[in-house]
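# Structural overview for review
Take a look at the letters that make up each chain.
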Amino acid sequence: MAAKISISKKLSSNNSGLRIDVLVAKEYPQYSRTHIKRWIEKGWLTLDGKEVRPSTKVKGNEVLKIKAEKEELTKDSPEKIPLDIVFEDKDLIILDKPSNLVVHPGAGNKTGTLVNGLLGYNENLAALPRAGIVHRLDKNTSGLLITAKNEITYLDLVKQIQQRAVIKKYLALVVGEPISGGRINTNIGRHPKFRTKQAVVEKGKEAITSYKIVKKYKGYSLLKVSILTGRTHQIRVHFSHMGYPIVGDKTYGGKSKYPKGISPILREKIDQFPRQALHASELEFIHPKTKKKVNFKISLPKDILELITFLKND
């Protein structure tokens, strides 16, 4: 059953001139703008008993009333999908997402996604946008992902991400051997020719990636990568642009290149690796409830570790 929300408050004259949707979002930060917009559309939010529009300006001294139900925002179907939960408390879940798992349902992926699995695990997540997931990982990128379990936590984490306060670190196995670590600062936007791809383009949005060398192999390198921005396919685009594409990246990897002296067995392993060798290995943020800094780390998954073993032994 949907939770009932009942609010009655006389507004101050200091609120005069503010839009009603802006005022309510400011006064009640525990509710998302999506919910507030729906309440207005359904007539559940009134001023002096009259229905309003989101753009309605407050005069001051009106009585604000909200009689609403906290509706489901995620309409996707719950499914029993195994979840690798690294941490869970009353406010959030930290998951280790495997490769080959789509995060959000979309065209061609209506079921079998992480959202479906989360709804199967906890039906209350349907009251949150995207079942509480606050950031994304590509289908074939593995690693840590945050899911909020309530609206206050969701809004707080989204704000932290917008303010670049969530530290996200990755491990990436790339083709080539960079001389040293560095920082990549470009603009990324939709590819001018291939509309399903991203690219470094002049009129794109700022994208910042820094990286350090963890280990070099014969013609390959394991890098620790940090992103200050969250552009679509950012890491993959940046390293492809730098000439060090991520191993297994069929979209941005370009024509396969191999170092001199590589064995046929290793070449076959590289060719057959089914995904980009990119893993979200670390998350750091301020816990919305405790206000303390929390940090989560996980090691590389089995498939990338096995590939590194072949690189070491070649």
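Let me sum up the structure you'll find in this document. Along each chain, numbering runs from 1 in the same order as the chain's sequence is written. Residue-level local features of this predicted model are given only where pLDDT is at least 70; pairs of side-chain atoms are given and counted only at 80 or more, and the full residue set underlies all totals for whole chains, interfaces and linings. Each side-chain value is derived from all of the structure's non-hydrogen atoms; neither hydrogens nor water enter the calculation.

### Digging into helix H1 (residues 20-27)
So the rule is basically this: Throughout this description, buried means an accessible area under 20% of the type-specific maximum (1.4 Å probe, protein chains only), exposed means over 50%, and partly exposed covers the range between. Helix and strand assignments follow DSSP, with helices taken as H or I runs no shorter than four residues and strands as E runs no shorter than two, numbered in order from the N terminus. Any two residues having at least one pair of non-hydrogen atoms within 4.5 Å are treated as being in contact.
Within H1 the residues assigned to the buried category are Ile-20, Asp-21, Leu-23, Val-24 and Ala-25. Residues of H1 that are buried make contact with helix H2 (33-41), strand E2 (45-47) and strand E4 (63-69).

### Things to note about the environment of Glu-123
By the element assignment, Glu-123 lies in the loop between helix H3 (114-121) and strand E7 (142-148). Its relative accessible area of 66% is what places Glu-123 among the exposed residues. For the pair Glu-123 and Ser-77, spaced 46 residues apart in the sequence, the C-alpha separation amounts to 9.8 Å.

### A look at helix H4 (residues 151-162)
Heads up, the condition is: One less than the residue count of a helix, multiplied by 1.5 Å, gives the span that helix is expected to have. Think of a polar contact as two N or O atoms within 3.5 Å of one another; within protein, one of them needs to be a possible hydrogen donor and the other a possible acceptor, and neighboring residues in sequence only count if both atoms come from side chains.
The first and last C-alpha atoms of H4 sit 16 Å apart over twelve residues, in line with the 16 Å expected at 1.5 Å per residue. Along H4, the residues classified as buried are Glu-151, Thr-153, Tyr-154, Leu-157 and Gln-160. Of the surrounding secondary structure, the elements contacted by the buried residues of H4 are H2, strand E6 (92-97), E7 and strand E13 (278-286). The N-cap residue of H4 is Asn-150: its side-chain oxygen and the backbone nitrogen of Ile-152 are 3.4 Å apart. The positive-phi residue at the C-terminal boundary of H4 is Arg-164, with phi of around 60°.

### Some remarks on unusual backbone geometry
A negative phi holds for most residues other than glycine; trans holds for most peptide bonds. Despite not being glycine, Asn-61 has its phi angle at roughly 75°, a positive value. Looking at the element boundaries, Asn-61 is found in the loop between strand E3 (50-51) and E4. Taking relative accessible area as the criterion, Asn-61 reaches 46% and is therefore assigned partly exposed. Phi is positive for Arg-130, which is not a glycine, with a value near 55°. Note on Arg-130: relative accessible area 48%, which makes it partly exposed.

### Details of the nonpolar core
Note the cut-off: We call a set of buried Ala, Val, Leu, Ile, Met, Phe, Trp, Tyr and Cys residues a nonpolar core when their side-chain atoms join them within 4.5 Å.
Residues Leu-114, Tyr-170, Leu-173, Val-225, Ile-235 and Phe-285 are the most contacted members of the largest nonpolar core, which totals 58 residues. Ignoring anything within four residues of it in the chain, the contact list for Tyr-170 reads Leu-137, Leu-223, Lys-224, Val-225, Ile-227, Ile-235, Leu-278, His-279, Ala-280 and Ser-281. Of all hydrophobic cores here, the second largest spans 19 residues; its members include Ile-5, Ile-20, Tyr-28 and Val-52.

### Observations regarding the pairing of E4
Just so we agree on the cut-off: A pair of strands counts as paired when DSSP detects no fewer than two bridges linking them.
Because side chains alternate across E4, one face comprises the buried residues Leu-64, Ile-66 and Ala-68, and the other comprises Val-63, Lys-65, Lys-67 and Glu-69, none of which is buried. Sheet topology note: the strand E1 (residues 4-10)/E4 ladder contains seven bridges and is antiparallel. When the bridges of E4 are listed, Ser-6 appears paired with Lys-67. Here three bridges tie E2 to E4, and the two strands are oriented antiparallel to one another. Within E4, the residue paired with Leu-47 across the bridge is Leu-64.

### Description of the pairing of E13
Within E13, eight of the nine residues are buried, leaving the element largely enclosed by the surrounding structure. The sheet contact formed by strand E8 (residues 167-175) and E13 spans six bridges and is antiparallel. Residue pairing for E13: Lys-169 is matched across the bridge by Glu-282. By the bridge criterion, five bridges tie E13 to strand E14 (residues 293-297) in an arrangement that is antiparallel. Bridge pairing in E14 places Leu-283 opposite Phe-296. Connecting E13 to the antiparallel partner E14 that follows it, the hairpin turn spans six residues, and Lys-291 within it adopts a positive phi of roughly 65°.

### Things to note about the sheet that holds E3
With antiparallel pairing, the four strands of this open sheet are ordered in space as E1-E4-E2-E3. The sheet is open, and its two borders are formed by E1 and E3, each paired with just one other strand. The sheet contact formed by E2 and E3 spans two bridges and is antiparallel. If you follow Thr-46 over to E3, its bridge partner there is Glu-51.

### Brief notes about the packing of H1 against H2
Applicable threshold: A fitted line through C-alpha atoms serves as each axis, taken over the contacting stretch for helices, and the angle formed by two N-to-C directions is quoted from 0 to 180°. Throughout, the term roughly parallel applies to angles under 35 degrees, roughly antiparallel to angles over 145, roughly perpendicular to angles from 65 to 115, and oblique to all others. Crossing handedness: left-handed means the near helix sits turned counterclockwise from the far one by under a right angle, and right-handed means the same turn made clockwise.
Packing of H1 against H2 leaves a shortest axis separation of 10 Å and a crossing angle of 130°. Comparing the axis directions of H1 and H2 gives the class oblique. Once H1 is placed against H2, the crossing between them reads as right-handed. When H1 is examined against H2, the residues Ile-20, Asp-21, Val-22, Val-24 and Ala-25 are found in contact with a partner set consisting of Arg-33, Ile-36 and Ile-40.

### Considerations on the side chain of Glu-282
Tracing the backbone shows Glu-282 in strand E13. Polar side-chain contacts of Glu-282 include one of 2.9 Å to the side chain of Asn-295. Once you skip the residues sitting within four places of it in the chain, Glu-282 turns out to touch Leu-144, Ile-167, Lys-168, Lys-169, Lys-224, Asn-295, Phe-296 and Lys-297.

### Concerning the packing of aromatic side chains
The following threshold applies: To pair, rings of Phe, Tyr and Trp, with the six-membered ring standing in for Trp, must have centres within 6.5 Å; the planes then decide the type, stacked if under 30 degrees apart, edge-to-face if over 60, and tilted in the middle.
Enumeration according to the criterion identifies four aromatic pairs in this entry. The rings of Phe-87, Phe-285 and Phe-296 are connected pair by pair, giving a single aromatic cluster.

Interpretation note: all reported values are geometric properties and have no functional meaning in isolation.
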